[in-house]
Amino acid sequence: MTGVEREATRARGAAPGFKVAILGAAGGIGQPLSLLMKMSPLVSTLHLYDVFNTPGVVADLSHTNTSAVVRGFLGNDQLGPALDGMDLVIIPAGVPRKPGMTRDDLFNINAGIVRTLIEGVAKHCPRAIINIISNPVNSTVPIAAEVLKKAGVYDPKRLFGVTTLDVVRANTFVADVIGVDPKMVDVPVLGGHAGITILPILSQATPKFTFTDKEVAYLTNRIQNGGTEVVEAKKGAGSATLSMAYAAAKFAESCLRALQGESGIVECAYVDCEVTELPFFATKVRIGRSGIEEIYPLGPLNAHEREGLEKLKPELHESIQKGVKFVQNPPAPKS
């Protein structure tokens, strides 16, 4: 021991940058995501919140020699302090999907968790950019919107469902097929974030490439079922945690760069928009200092993609309505 009090060793939040909170920081996605955000030079203060094991995660991460200051918050009564003054809130909280679990099973557990966390955001940092990762995203983003509306603080420009993992998978799988570096590939992925609601627009892929019907079928199926591929490969020991953390950090970094004033930042995300008749849809958006600055139209679709678009709408509509009704007509508590 040096005799130096730990509290006095360093000015809190001394590094220039933004204040970021991760809600669900001790989970399978939360831990690697916390590490990646601790490594970001754009983060000055990193608040890690969970209902278990946050002190251990904070102790571990605090030993890494990057400039962000890490603070931990444990349990429901520390949610407020975790959120006070945050610029960006990332929410991976909830249970992961396990073999045999449906999205409905996930909804029944995660919907209430997301509602509680967003109530905290509405009260303590209503102007923060919100990144929702908790599945099923097709329903949890509408839940967040309804909670924020009830609190009178809803700004659709600041609420994002993170679908970046679908884009990351699409870029990786397309690169494998055409034989290039994945970093050179950009495939827009529209729609939602589950099964057939995930619509990769291969006709708009960069670099331009003419795929065979067989390649289109293979790529579309693999991109739509990438999460299931990982769940089955892990044999009940988890879901897509590392790739999701990577994708979430990538999207969060784009949000922080936009907050800093960088221009021309375009990402696919699941947002409140009017690109279709559905109230939420994943599409390309340009992000700026105040959140979404521009929502791009779907662009030209080929016959296969138009067919996929029509197929996904009923399922996505149902998922959206399920989220809305959960807040507007909450289920009766179990006796």
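Residues numbered from 1 in each chain as written. Predicted model: local features only at pLDDT ≥ 70, side-chain atom pairs only at ≥ 80, totals over all residues. Heavy atoms only, no water.

1. Considerations on helix α5 (residues 137–150)
Basically, it comes down to this: Each helix is a run of H or I in the DSSP string that is no shorter than four residues. Each strand is a run of E no shorter than two, and both are numbered from the N terminus. Expected helix span is computed as 1.5 Å times (number of residues minus one). The buried label goes to any residue with under 20% of its type's maximum accessible area, the exposed label to any with over 50%, and the partly exposed label to all in between, with areas taken from a 1.4 Å probe on protein chains only. What makes two residues a contact is simply this: any of their non-hydrogen atoms within 4.5 Å.
The terminal C-alpha atoms of α5 lie 20 Å apart, and with 14 residues this matches the ideal 20 Å at 1.5 Å per residue to within 8%. All of the buried residues in α5 are V137, N138, S139, T140, V141, P142, I143, A144, A145, E146, V147 and L148. In this fold, the buried residues of α5 make contact with α4 (103–124), β5 (129–132), β6 (159–161), β9 (265–272), β10 (280–288) and α10 (303–328).

2. Side note on the environment of V189
Tracing the sequence through the fold places V189 in strand β7 (residues 189–191). Sequence-wise, V189 and T164 are 25 residues apart; in three dimensions their C-alpha atoms are separated by 8.6 Å. The residues touching V189, leaving out its near neighbours within four places in the chain, are D166, V167, A170, I198, L199, P200, C268 and A282.

3. Section: the UniProt feature "domain: Lactate/malate dehydrogenase N-terminal" (unreviewed entry) in the protein chain
For clarity, the cut-off: UniProt positions are given in the numbering used here, feature names are shortened, and annotations may be inferred rather than shown by experiment.
Annotation from UniProt places "domain: Lactate/malate dehydrogenase N-terminal" (unreviewed entry) at residues 19–161. Taken end to end, residues 19–161 is 41% helix and 21% strand, and its two terminal C-alpha atoms sit 20 Å from one another.

4. A word on the side chain of T220
Inspection of the secondary structure puts T220 in helix α7 (residues 213–224). By relative accessible area, which is 9% here, T220 ends up buried. Aside from chain neighbours lying at most four places away, what touches T220 is P200, L202 and H304.

5. Considerations on the pattern of salt bridges
Spelled out, the test is: Salt bridges are defined as contacts in which a side-chain nitrogen from Lys or Arg sits within 4 Å of a carboxyl oxygen from Asp or Glu.
Summed over all chains, the structure comprises 11 salt bridges. Close ionic contact of K149 with E146 constitutes a salt bridge, the shortest N to O distance being 3.2 Å. Of this pair, K149 and E146 both sit in helix α5, separated by three residues, roughly a single helical turn. The class for E146 is buried, based on a relative accessible area of 10%. E277 is the salt-bridge partner of K313, the closest N and O atoms lying 3.3 Å from each other. Pair noted here: K313 is in helix α10 and E277 is in the loop between β9 and β10, with a separation of 36 residues, a long-range link. Residue classification places E277 among the exposed residues on the basis of a relative accessible area of 60%.

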